[in-house]
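What follows is the residue order along each chain.
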Amino acid sequence: MNRPQQFLPTALGRLVRFWRTTFRLSQEELALELDSSTRHISRLETARVHPSREVVLKIANFFGLKKRDTANLLIAAGYIPENLGAEFRDQKYRWLRKTLAMNLDALDPFPAMLTDGTNGILMFNKSWLGLFHDKLDISGDIFVSEYFEAIMGGIVGRENEAERETLMTGLSLTLKQEALIKNDAILDDWVDRMAEKYQFPENWPEKAAAFEPQMSFPIYFEVEGKLQQFYHMCNSVTSLGPVENGMEPLLLMNKMFPRDHKTDLSSLVDHTLDHPCLCRHEIEGDT
């Protein structure tokens, strides 16, 4: 005897059912409000249909869901939310800017900086400026692409050619996919230029895909004329929940720590260097 086919609710189905019951609606009542059918709502909640992006947004709008909860629905349905990030310079995020500035300041003498989700470097500490002031043009705005090019230069310092290629192509593959997902032509072009500049093999994405991405990777930079190895780490500054930064600006904290914990980096804390993006300006400012 053939058993009847059973359907299990997906994440989207569970969320739709959750919101429906939260607002105390039956499937029939929700179907009426959405100009749909009870059968369709039932099939949606049990993963027998896959709604379009427009239908998901229609459901979210009907329930009056805010940005975070709408994004959760979209992701559960397999769609990428748009415009999640907020403006970092908005007055309502003054508390967040100052908190992050104090975080960066506390990390001295370890170089650290904050970026947004596009191409901008927002803040950095004195050590970061001390390490990169001679590697980047700090006369104006500093862009993430320029920073990553300096990072590539640090990876080039590795003696093991295979490790060097793995790190460089792995980082490039991560950025390439980000460019494709966001349709970011500038970032996409930058990755292509790096592949050409550092002579990546023709099939570099295939080779890079064979390795898991690393949250931390070693790079080399000179400090007081001596080549030092650092570990570069990148962490998201995120809200709670499955949708990172759904309610706050998209922010990434980049930090560098010496391999040898006894390494003296005090020379990087150069009090004569200044830049509008130094974290101390945010800490001391009133706006």
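Residues numbered from 1 in each chain as written. Predicted model: local features only at pLDDT ≥ 70, side-chain atom pairs only at ≥ 80, totals over all residues. Heavy atoms only, no water.

## Observations concerning the overall build of the protein chain
Quick reminder of the rule: We count a stretch as a helix when DSSP gives it H or I for four or more residues in a row; a strand needs E for two or more, and each element gets its number in order from the N terminus. Burial classes follow relative accessibility: with a 1.4 Å probe on protein chains only, a residue under 20% of its type's maximum area counts as buried, one over 50% as exposed, and anything between as partly exposed. We call two residues in contact whenever any of their non-hydrogen atoms come within 4.5 Å of each other. Shrake-Rupley sampling with a 1.4 Å probe provides the accessible areas, and residues are treated as covered by the protein chains on show and by no other component.
Helices and strands together make up the secondary structure of the protein chain, namely 12 helices and 5 strands. Buried residues in the protein chain amount to 41% of all 287 residues. Counted over contacts in the protein chain with a minimum sequence separation of 6, partners at least 24 positions apart contribute 59%. Summed over its atoms, the accessible surface of the protein chain is roughly 16,800 Å², and 52% of this surface lies on carbon and sulfur atoms.

## Re the pairing of strand β3 (residues 216-223)
We count it as follows: Here, any two strands with at least 2 DSSP bridges between them count as paired.
Examined bridge by bridge, β3 and strand β4 (residues 226-237) share 8 bridges and lie antiparallel to one another. Along β4, the bridge assignment pairs Phe217 with His232. The turn linking β3 back onto β4 is made up of 2 residues, and Glu224 within it adopts a positive phi angle of 55 degrees.

## Let's talk about the packing of aromatic side chains
Formally: We call Phe, Tyr and Trp rings a pair once their centres come within 6.5 Å, taking the six-membered ring for Trp, and we label the pair stacked below 30 degrees between planes, edge-to-face above 60, and tilted otherwise.
In this structure the tally under the stated criterion is 9 aromatic pairs. Joined through ring pairs, the aromatic side chains of Phe18, Trp19, Phe23, Phe62 and Phe63 make up one cluster.

## Some words on the packing of helix α9 (residues 161-182) against helix α10 (residues 185-197)
How two helices pack is summed up by the angle between their axes together with the distance between the axes. Basically, it comes down to this: Axis angles are defined between N-to-C directions and span 0 to 180 degrees, where every axis is a line fitted to C-alpha atoms and, for a helix, only to the segment in contact. With respect to orientation, any angle under 35 degrees is reported as roughly parallel, any angle over 145 as roughly antiparallel, any angle of 65 to 115 as roughly perpendicular, and every other angle as oblique. Crossing chirality is assigned from the near helix's rotation relative to the far helix, an anticlockwise turn below a right angle marking it left-handed and a clockwise turn marking it right-handed. Throughout this entry, Asp, Glu, Lys and Arg are counted as charged residues, while Ala, Val, Leu, Ile, Met, Phe, Trp, Tyr, Cys and Pro are counted as nonpolar. The remaining residues, Gly among them, count as polar.
Two elements in contact, α9 and α10, have axes separated by 8 Å at closest approach and are oriented at 150 degrees. Classified by the angle between their axes, α9 and α10 sit roughly antiparallel to one another. Our pair here, α9 against α10, has a crossing hand that is left-handed. Packed against α9, whose contacting residues are Ser172, Leu175, Lys176, Glu178 and Ala179, the element α10 presents Leu187, Asp188, Trp190, Val191 and Asp192 at the interface. In terms of residue class, the contact of α9 with α10 is made up of 5 nonpolar, 1 polar and 4 charged.

## Considerations on helix α6 (residues 94-107)
Defined as follows: An expected span of 1.5 Å times one less than the residue number is assigned to each helix. The arc in question is the one traced by the directions running from the helix axis out to the C-beta atoms.
With 14 residues, α6 extends 20 Å between its outermost C-alpha atoms, agreeing within 8% with the 20 Å of an ideal straight helix rising 1.5 Å per residue. Buried residues of α6: Arg94, Leu96, Arg97, Leu100, Ala101, Leu104 and Leu107, and no others. Axial view of α6: buried residues confined to an arc of 160 degrees, hence all on one face. Against β1 (112-116), β2 (121-124), β4, β5 (251-258) and α12 (279-284) lie the buried residues of α6.

## A word on α9
In a regular helix each residue adds 1.5 Å, so 22 residues correspond to 32 Å; α9 covers 32 Å between its end C-alpha atoms and thus fits that length. Following α9 by one or two positions, Asn183 has its phi on the positive side, about 55 degrees.

## As for the sheet that holds β3
With respect to topology, 5 strands assemble into an open sheet ordered β2-β1-β5-β4-β3, the strand pairing being antiparallel. Strands with a single pairing partner mark the edges of an open sheet, and in this sheet they are β2 and β3. Between one strand and the next, the sheet's axes are offset by a mean angle of 30 degrees, whatever the strand orientation. As defined by bridge partners, β1 adjoins β5 across 5 bridges and the pair is classed as antiparallel. The residue of β5 that forms the bridge with Thr115 is Leu252.

## Quick notes on the nonpolar core
Inside soluble globular proteins, nonpolar side chains tend to come together where they are buried. Threshold: By nonpolar core we mean a set of buried residues, namely Ala, Val, Leu, Ile, Met, Phe, Trp, Tyr and Cys, connected to one another through side-chain atoms within 4.5 Å.
Counting residues in each nonpolar core, the largest one holds 40 residues, and the members touching the most others are Phe124, Trp128, Phe132 and Ile151. Of all elements in the fold, only β2, α7 (126-132), α8 (144-156), α9, α10, α11 (204-208) and β3 reach the threshold of two or more residues within this core. Those residues in contact with Ile151 that sit more than four places away from it in its chain are Phe132, Leu171, Phe217, Ile219, Phe221 and His232. Formed by 17 residues, the second largest nonpolar core is a distinct cluster that contains Leu12, Ala31, Leu34 and Leu73.

## Looking at the pattern of salt bridges
The test is simple: Each reported salt bridge corresponds to a side-chain nitrogen of Lys or Arg within 4 Å of a carboxyl oxygen of Asp or Glu.
Tallied over the full model, the rule gives 11 salt bridges. Ionic pairing is found between Arg94 and Glu282, a salt bridge with its closest N-O pair at 2.6 Å. Residue Arg94 is found in helix α6, and its partner Glu282 is found in helix α12; the two are separated by 188 residues along the sequence. The pair formed by Arg94 and Glu282 is uniform in burial state, with each residue classed as buried. Of the charged contacts, one joins Asp192 and Lys176 as a salt bridge, the two residues approaching to 3.1 Å between their closest N and O atoms. One end of the pair, Asp192, is in helix α10; the other, Lys176, is in helix α9, with 16 residues separating them in the sequence. When its relative accessible area of 38% is taken as the criterion, Asp192 is described as partly exposed. Here Lys176 falls in the buried class, since its relative accessible area comes to 18%.

## A short note on the pairing of β5
Across the 8 residues of β5, 6 count as buried, placing the element largely inside the fold. Inspection of the sheet shows β4 paired to β5 by 8 bridges, in the antiparallel sense. Residue pairing across strands places Ser236 opposite Leu252, the latter belonging to β5.

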